[in-house]
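Architecture at a glance
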Protein chains: 4
Amino acid sequence: MKTKKIAIIGASGYSGEELVRLLLHHPHTELVAVTSRQYAGQTLAQVFPKFASHPKSQSLHFSEPKAEVLAKQADVVFLALPHGVATEYTVSLLNAGCVVIDLSADFRLKSAETYKEFYAQDHPAPDLLKKSVYGLPEIYRDEIKKSLLVASPGCYPTSILLPTIPLLKAGLVKPTGIIADSLSGVSGAGRKAEMDYLFCECNESVRPYGVPKHRHLSEIEEQLSLAAGTKVTIQFTPHLIPVNRGILTTLYLAPGKHFSTEAEMKALNEKISAAYAKAYRKEPFVRLLEGNALPDTKNVSSTNVIEIAWRLDARTGRLIVMSAEDNLVKGASGQAVQSLNIVCGWPETAGLI
Amino acid sequence: MKTKKIAIIGASGYSGEELVRLLLHHPHTELVAVTSRQYAGQTLAQVFPKFASHPKSQSLHFSEPKAEVLAKQADVVFLALPHGVATEYTVSLLNAGCVVIDLSADFRLKSAETYKEFYAQDHPAPDLLKKSVYGLPEIYRDEIKKSLLVASPGCYPTSILLPTIPLLKAGLVKPTGIIADSLSGVSGAGRKAEMDYLFCECNESVRPYGVPKHRHLSEIEEQLSLAAGTKVTIQFTPHLIPVNRGILTTLYLAPGKHFSTEAEMKALNEKISAAYAKAYRKEPFVRLLEGNALPDTKNVSSTNVIEIAWRLDARTGRLIVMSAEDNLVKGASGQAVQSLNIVCGWPETAGLI
Amino acid sequence: MKTKKIAIIGASGYSGEELVRLLLHHPHTELVAVTSRQYAGQTLAQVFPKFASHPKSQSLHFSEPKAEVLAKQADVVFLALPHGVATEYTVSLLNAGCVVIDLSADFRLKSAETYKEFYAQDHPAPDLLKKSVYGLPEIYRDEIKKSLLVASPGCYPTSILLPTIPLLKAGLVKPTGIIADSLSGVSGAGRKAEMDYLFCECNESVRPYGVPKHRHLSEIEEQLSLAAGTKVTIQFTPHLIPVNRGILTTLYLAPGKHFSTEAEMKALNEKISAAYAKAYRKEPFVRLLEGNALPDTKNVSSTNVIEIAWRLDARTGRLIVMSAEDNLVKGASGQAVQSLNIVCGWPETAGLI
Amino acid sequence: MKTKKIAIIGASGYSGEELVRLLLHHPHTELVAVTSRQYAGQTLAQVFPKFASHPKSQSLHFSEPKAEVLAKQADVVFLALPHGVATEYTVSLLNAGCVVIDLSADFRLKSAETYKEFYAQDHPAPDLLKKSVYGLPEIYRDEIKKSLLVASPGCYPTSILLPTIPLLKAGLVKPTGIIADSLSGVSGAGRKAEMDYLFCECNESVRPYGVPKHRHLSEIEEQLSLAAGTKVTIQFTPHLIPVNRGILTTLYLAPGKHFSTEAEMKALNEKISAAYAKAYRKEPFVRLLEGNALPDTKNVSSTNVIEIAWRLDARTGRLIVMSAEDNLVKGASGQAVQSLNIVCGWPETAGLI
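On a predicted model such as this, the values are computed, not experimentally measured, just so you know.

About the cut-offs
Residues take numbers from 1 onward in each chain, read along the sequence in its written order. Labels are handed out in written order, letters beginning with A for the chains and numbers beginning with 1 for the ligands. Owing to the predicted nature of the model, reporting of local features is limited to residues with pLDDT of at least 70; listing and counting of side-chain atom pairs is limited to 80 or more, with chain, interface and lining totals taken over all residues. Side-chain figures throughout are based on the complete set of non-hydrogen atoms in the structure, without hydrogens or water. Where helices and strands are cited, they refer to DSSP runs of H or I of at least four residues and of E of at least two residues respectively, numbered from the N terminus. Put simply, the radius of gyration uses C-alpha atoms, and a globule should come to 2.2 Å times the residue count raised to 0.38. Working definition: with a 1.4 Å probe on protein chains only, accessible area under 20% of the residue-type maximum means buried, over 50% means exposed, and in between means partly exposed. Residue contacts are counted whenever heavy atoms from the two residues lie within 4.5 Å of one another. Note on areas: Shrake-Rupley, 1.4 Å probe, and residue coverage restricted to the protein chains presented here. Just so you know, the count uses Lys and Arg for positive and Asp and Glu for negative, and it drops His and the chain ends. The atoms used to mark charge sites are NZ of Lys, CZ of Arg, CG of Asp and CD of Glu. Two strands make a pair as long as DSSP finds a minimum of two bridges between them. Each axis is a line fitted through C-alpha atoms, taken for helices only over the stretch in contact, and angles between the N-to-C directions span 0 to 180 degrees. Here the quantity called buried area is the total loss of accessible area, with a 1.4 Å probe, experienced by two parts when brought into contact, counted for both. Here, a salt bridge means any Lys or Arg side-chain nitrogen found within 4 Å of an Asp or Glu carboxyl oxygen. Polar contact is defined as a pair of N or O atoms within 3.5 Å, subject to the rule that within protein one atom must be able to donate a hydrogen and the other to accept it, and that residues adjacent in sequence are counted only when both atoms are side-chain atoms. Amino acid classes used here: Ala, Val, Leu, Ile, Met, Phe, Trp, Tyr, Cys and Pro are nonpolar; Asp, Glu, Lys and Arg are charged; the rest, including Gly, are polar. In this comparison the copies share one frame, found by least squares on the C-alpha atoms of residues holding pLDDT of at least 70 in both. When describing relative orientation, an angle under 35 degrees is termed roughly parallel and one over 145 degrees roughly antiparallel, while 65 to 115 degrees is termed roughly perpendicular and anything else oblique. Here a Phe, Tyr or Trp ring, Trp counted by its six-membered ring, pairs with any other such ring whose centre lies within 6.5 Å, and the pair is stacked when the planes are under 30 degrees apart, edge-to-face when over 60, and tilted otherwise. Whether a charge sits over a ring depends on NZ of Lys or CZ of Arg being within 6 Å of the ring centre and within 35 degrees of the ring normal. Residue count minus one, scaled by 1.5 Å, sets the expected span of a helix. To get the bend at a given residue, fit one axis to the seven residues ending there, fit another to the seven starting there, and take the angle between those axes.

All right, on to the overall build of chain A then. Helix and strand counts for chain A stand at 13 helices and 14 strands. For chain A, the C-alpha radius of gyration of 20 Å lies close to 20 Å, the compact-globule estimate for 353 residues. Along the first, second and third principal axes, the C-alpha atoms of chain A reach 65 × 45 × 40 Å. The buried share among the 353 residues of chain A stands at 63%. Restricting the contact set of chain A to residue pairs at least 6 apart, pairs at least 24 apart contribute 68%. Element-wise, carbon and sulfur atoms account for 51% of the exposed surface of chain A, whose accessible area totals about 12,600 Å². Of note, chain A has its 38 positive side-chain charges centred 4 Å away from the centre of its 35 negative side-chain charges.

Okay, here's the thing in structure tokens:
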């Protein structure tokens, strides 16, 4: 397989660092450029001592993020930048013939209006929204294959969409009244020198934030609406917990059918099981838990796997679905590499297991 | 004020330790006995080095838990024992004229049938269920005053009941469809030498457990039903997170009234505000958050305070209420001491601030 | 006892916050002013939600730090400021008749030359160095009593000096070759929005820093030299560990006498024991551990206690002394309040247990 | 390269789990058996959910540890057992023609007397002590190549020996007066359901233990003595800190030569640098830090790398050397796999980067 040359714009944050880790060990990629305004001039080894044993880390220097220069160096460019900033690079790089895999929110939505509602600014390049593909491989594999612009999903959306979409598509749960209660590790806030994320402010602390209208709702609802074939509005509450990595999401769903007898419950359980099996049985990165097992972020840490389990509650008539993922891997950089593998025609697990 | 003599049965667990801490510094109590089968014979200082600077800690020895002996030593006895075990002591101690404040689940329910359903055994002394008072001071202050047997609430129930009861009583939220999503520190599991609670199994881990029918549901639903005047069944999902102390609960409630305009939302917000103010304005241990503030367990750690905040979501028509408490203080031992203060006619904040 | 009016300059950092906590609950103080450039205008409750249940927290507003204003309001002023900045306030406040208790490094040294060597600037008020007292109550109680300017010790120095000084004074250990290896919680770095102290940079991390010439060496060596009656130079290695609070120091000392037989070891142990007992038997905040017990920061957390234990090693001929303290209490604000109690003639434990 | 069949006896502890992780992904091994008395009959996926996505995890069942059965299944057997227990398996397996890589302390010492002194029992197979090789590849690579019994070093010894041996061999530091102060993550205590290692007992806690005569001293001193050509006795203080993984060791050494001028210091620094470079320049798993960098356990977590840095202190005349490793990888299972690679003639980094 032909090696591809890769650049990462914005490589000094937590997602960028995770991309570096994955791409340094990927069998078919050569990391040719990493950019960072703050660290320009320094080697990879200086900025990330943990990579210092990799031969590349001494020779690869962080550079200023210049689209024209990177376009000449790289076949594929990953953007690990804040929303809004990503767009300008995307336009130049696409014009120069690069494939772009964008980890920001800039191209995840189909609707420029929704973008404006949630990000409080006009979309800087609304035409590109038609060209981009939402990079959730388990749902959009075929579209990703042919795409030049992959908009890699957010961490919370991944943890909510993968457990919910198969149930909506199978008509097993109502598209109304969905609640997603999510707990995220602190790396989700990014590598920002802000008081709120200091060790002493996070350790021995648990807190909700961004209630009730977090920006990730925009892509979650757009994707759920597509799956349900009707407009879906959900409740979403993110919480910050003192772990480095991991998102645990608990979903409260209403099955379309009433179940009160043992037999009804068994039948419904089998339908749910079948829907998940159909969707994910062959997926290398979705782990459907069995028996008494429940998701635990420590079981997916540093892997591209999402764990999913569910329980029917005959007392309330609800279906509880729980998922666990590493917010930096399946929730960000690992999933982006999964899309890279699809775009390049490589085995989808290359560099990821 | 006359000093009362206090004994703690089961003083070596986390709740017991917290009781010791509070009662050693309480202005009106003398701690005369602490029991533990495992540590009988050792001094308080040996078992809990952190109390070794207290003069009492060298002279007070852990003893075997014998009701007849303790009844002669103490005016009030705290039970920090597993459910089932607490009952036998309670009967003897009440007969001997002691006041009993029980931190177990044995006397929290009015219904012996519910006890059997959730605790899988016949209630060992169903007659006493009529005599016990549910020790939630903000709700049952008057009853606690006259009681000889206080059943101190569980940690999760406290975090759910205090935010919900005023809304149900005021008819502001529907008694149906309530969801409580709770996150608890590891001390909630007790001081038990079990693999699941080892440092390396909890650190960098988040996980749900006891889904969907946790035992605490029994007292939560009984109390909510009393407040609502109708049978209430709720959804409750506990999660384990890597902090020592703290419970953060997020409640999903349905306001009785529709609100979609700004004006309707403002009016409803004022009603909720008024209901909470009426219930808790004068309560020393309930803190209603204002402005942008949201609950954070670190702000209530080692205190008897519960923080409450809420948000209406016009998009979903739901009311989100969030609470934070220290599971070992307001969720257990602090609340039990608050009941002690009420029973003894002391200022309710004695020894607690 | 007459209540004293207290102001805290620089009350928004971790030491300042701990001073606020202690002084809000102190029986003989009224907190009349707290200053912070960043938070001026906000109430105590807004800046520190955890104090919001205290009646004072709604009425007390952070103000700009103006010495002339504060001098009129307060009898005693605590300075929780960076070194260099503290001096200007000290001069004005002393002139205006206030007692000053300074938590910075500005008045801890007797030698202006040493100050210049370690802090890389001329001392801004060298004359005041003669008037200030090093606020280590167990060593300088009598001097503190009569002082108007108390220079409260650093967190590392406290953890090193209290275990070492009695041994040096008794001539039991050599003044040469002393090594102090210290582990500090992250609050020791202050509430600064810097990358190095983000949760994800500290959690699951342990690292030395400031090797080999940390600034605290200046006051440690000056004080050890005074105790030994000869110039003492020590080795000191601080490490950062992922806890909020706590310093654990391990000291490597050389007994003056050789010990190889059981009898020699026993005799030496008794001498050490006697030296410590003489120094600290009556001290309320020094806990000499017995038996198999070793210091543990969790046993002193949020208290003003320092734990000390020691072991003779016949294999190496060394004496190992270990101490544990809360860096924000005995290592900073608690010790400063202890000095306040001494200066004001109150019981030394007032507000501290 | 021919694939080797591998068994792990005692695969359910933390070292065993880490061996499983490494060997499941090793390019030249087939994991054919994992044993555990406690989990016999369960699949790898059931015991370790985190490996459930690996195809092998559903088919591989934990079995009872029977040497005769394992000897038929496997070419190489790893022992992750307590000391004392490992010996009986070793004898049987060697007799049956297996290569044994033992992670216990049973064959690390050359001297049966030292074993008895430190492990309080007669060595169960003293003859084998001559046949075993101390599995520190950077020091004993040639011997490991030819060995059938590799005694893989302890976690603390690895963190102390690799930084110290080159300096002793080069005669740059005195063999007397060496101090090693080590900080270990909780996984070092093993997966044991003991109170001391519960989350709430370790979180927000730091404590020394095993002072002054930890068992690991036996192998540390034996190896240092071999390097120095004279009997070496050291001071060693282990501490427990609240991280899952990682050991940080700070070594206090006395250079053989006096250095007080800039020139002397520079010359000595160059000699130390040269000694380390000679020893480790080509070593893939030893990272000599440069410039201002100091070791940090987070930079070696889950890798087989040890970081080493040093500082000369002209004030005290000492050399401070610091190292960081992952106690479960370079300190245990990774190093054992490194030895496997050497024994089997594979690239030494196979399966380790």
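Working definition: the strands of a sheet are paired by backbone hydrogen bonds and lie parallel or antiparallel to each other. Residue and element names in this part refer to chain B. Read from one edge of the open sheet, 7 strands run E3-E2-E1-E4-E5-E7-E6, paired in parallel fashion. The sheet is open, and its two borders are formed by strand E3 (62-63) and strand E6 (133-134), each paired with just one other strand. Strand direction decides the pairing type here: strand E2 (residues 29-35) and E3, joined by 2 bridges, are parallel. Each bridged residue has a counterpart across the sheet, and for threonine 35 the counterpart in E3 is serine 63. Sheet contacts for helix H5 (residues 85-95): strand E1 (4-9), strand E4 (76-79), strand E5 (99-102) and strand E7 (149-151); angle to E4, the most-contacted strand, approximately 175°.

As a further point, take the interface of chain C and chain B. Taken together, the contacts link 14 residues of chain C with 14 residues of chain B. Across the chain C to chain B interface the summed buried area is about 1,000 Å²; carbon plus sulfur atoms make up 45%. Where chain C touches chain B, the interface holds 0 salt bridges. The interface formed by chain C and chain B includes 8 residue pairs in polar contact (both at pLDDT 80 or more). Grouping the amino acids of the side of chain C that touches chain B by side-chain chemistry returns 5 nonpolar, 4 polar and 5 charged.

Here chain C sits on chain B after a turn of 180° about the axis and a move of 0.0 Å along it, with an RMSD of 0.0 Å. The transformation just described matches what one would write down for a two-fold rotation axis. Of the C-alpha atoms belonging to chain C, the one lying closest to the rotation axis is found on glutamate 204 of chain C, 4.5 Å away. The fraction of interface residues of chain C whose copies in chain B are also interface residues reaches 100%, indicating that both copies meet through the same surface.

To continue, consider the relation of the copies chain A and chain B. Superposing chain A onto chain B takes a rotation of 180° plus a shift of 0.0 Å along the axis, which leaves an RMSD of 0.0 Å. A symmetric contact is evident, with 100% of the interface residues of chain A recurring at the interface of chain B.

Facing 46 residues of chain A, the contacting portion of chain B comprises 46 residues. Together, the buried faces of chain A and chain B total about 3,800 Å²; carbon and sulfur atoms form 56% of this surface. Contact with chain B buries surface across chain A, with Glu204, Val206 and Arg315 of chain A losing the most and accounting together for 19% of the total. Seen at the junction of chain A and chain B, the total is 6 salt bridges. Across the salt bridge formed by arginine 315 of chain B and glutamate 221 of chain A, the nearest N and O atoms sit 2.3 Å from each other. Counting across the chain A and chain B interface gives 24 residue pairs in polar contact (both at pLDDT 80 or more).

A separate point is the sheet that holds strand E5 (residues 99-102) of chain D. Residue and element names in this part refer to chain D. The strand order E3-E2-E1-E4-E5-E7-E6 describes an open sheet built from 7 strands, whose pairing is parallel. Only two strands of the sheet have a single neighbouring strand rather than two, namely strand E3 (62-63) and strand E6 (133-134). Across 2 bridges, E6 lies against strand E7 (residues 149-151) in parallel orientation. Note on E7: the bridge partner recorded for tyrosine 134 is alanine 151. Strands in contact with helix H5 (residues 85-95) are strand E1 (4-9), strand E4 (76-79), E5 and E7; relative to E4, the strand with the most contacts, it is inclined by about 175°.

Time to look at the pairing of strand E10 (residues 235-240) of chain B. Residue and element names in this part refer to chain B. Among the 6 residues that make up E10, 6 are buried, leaving the element largely enclosed by the rest of the structure. Because side chains alternate across E10, one face comprises the buried residues Gln235, Thr237 and His239, and the other comprises Phe236, Pro238 and Leu240, equally buried. Where strand E8 (residues 179-184) meets E10, 6 bridges bridge the pair, whose relative direction is parallel. Residue pairing across strands places alanine 180 opposite phenylalanine 236, the latter belonging to E10. Relative to E10, strand E9 (residues 207-208) is paired through 2 bridges, and the arrangement is antiparallel. The residue bridging arginine 207 from the neighbouring strand is leucine 240, located in E10.

Looking now at the pattern of salt bridges. Tallying each qualifying case throughout the model produces 83 salt bridges over all chains. For lysine 50 of chain A, the salt bridge identified is with glutamate 17 of chain A, shortest N-O distance 2.9 Å. One end of the pair, lysine 50 of chain A, is in the loop between helix H2 (44-47) and helix H3 (56-59); the other, glutamate 17 of chain A, is in helix H1 (residues 14-24), with 33 residues separating them in the sequence. Using a relative accessible area of 8% as the deciding quantity, one classes glutamate 17 of chain A as buried. Here glutamate 30 of chain A makes a salt bridge to lysine 56 of chain A, at a shortest N to O gap of 3.5 Å. Taken together, the residues span a long stretch of sequence, with glutamate 30 of chain A in strand E2 (residues 29-35) and lysine 56 of chain A in helix H3 at a distance of 26 residues. A network of salt bridges, in which partner residues are shared, links Glu17, Lys50 and Arg191 of chain A, Glu201 and Arg207 of chain C together with Asp296 and Lys298 of chain D.

Looking now at the packing of helix H9 (residues 155-169) of chain B against helix H13 (residues 329-344) of chain B. Residue and element names in this part refer to chain B. Relative orientation of the contacting elements H9 and H13 amounts to 100°, with a least axis distance of 8 Å. Taken together, the axes of H9 and H13 lie roughly perpendicular to each other. Each of Cys155, Thr158 and Leu162 in H9 lies in contact with H13, whose residues at this interface are Lys330, Gly331 and Gln335. Partitioning the contact of H9 with H13 into residue classes produces 2 nonpolar, 3 polar and 1 charged.

This brings us to the packing of aromatic side chains. For the structure on display, the rule yields 34 aromatic pairs over all chains. Where tyrosine 276 of chain C meets tyrosine 280 of chain C, the ring centres are 6.4 Å apart and the plane angle is 20°; that geometry is what we call stacked. A residue pair is termed a helical-turn pair when its members lie 3 or 4 positions apart in one helix, as tyrosine 276 of chain C and tyrosine 280 of chain C do in helix H12 (residues 262-280) at 4 residues. Judged by relative accessible area, which is 0%, tyrosine 276 of chain C ranks as buried. Aromatic rings pair up to connect Tyr39, Phe48, Phe51 and Phe62 of chain A into one cluster. Lysine 213 of chain B extends its terminal NZ or CZ atom over the ring of phenylalanine 118 of chain B, reaching a point 4.8 Å from the ring centre.

Residues and elements named next belong to chain A. Over its 15 residues, helix H9 (residues 155-169) extends 22 Å from the first C-alpha to the last, a length consistent with the 21 Å expected when each residue adds 1.5 Å. The largest bend along H9 reaches roughly 35° and is located at leucine 161, with the proline proline 163 sitting one to four residues downstream. H9 sits mainly inside the fold: 14 of its 15 residues count as buried. One or two steps after H9, the chain reaches glycine 171, where phi turns positive at roughly 65°.

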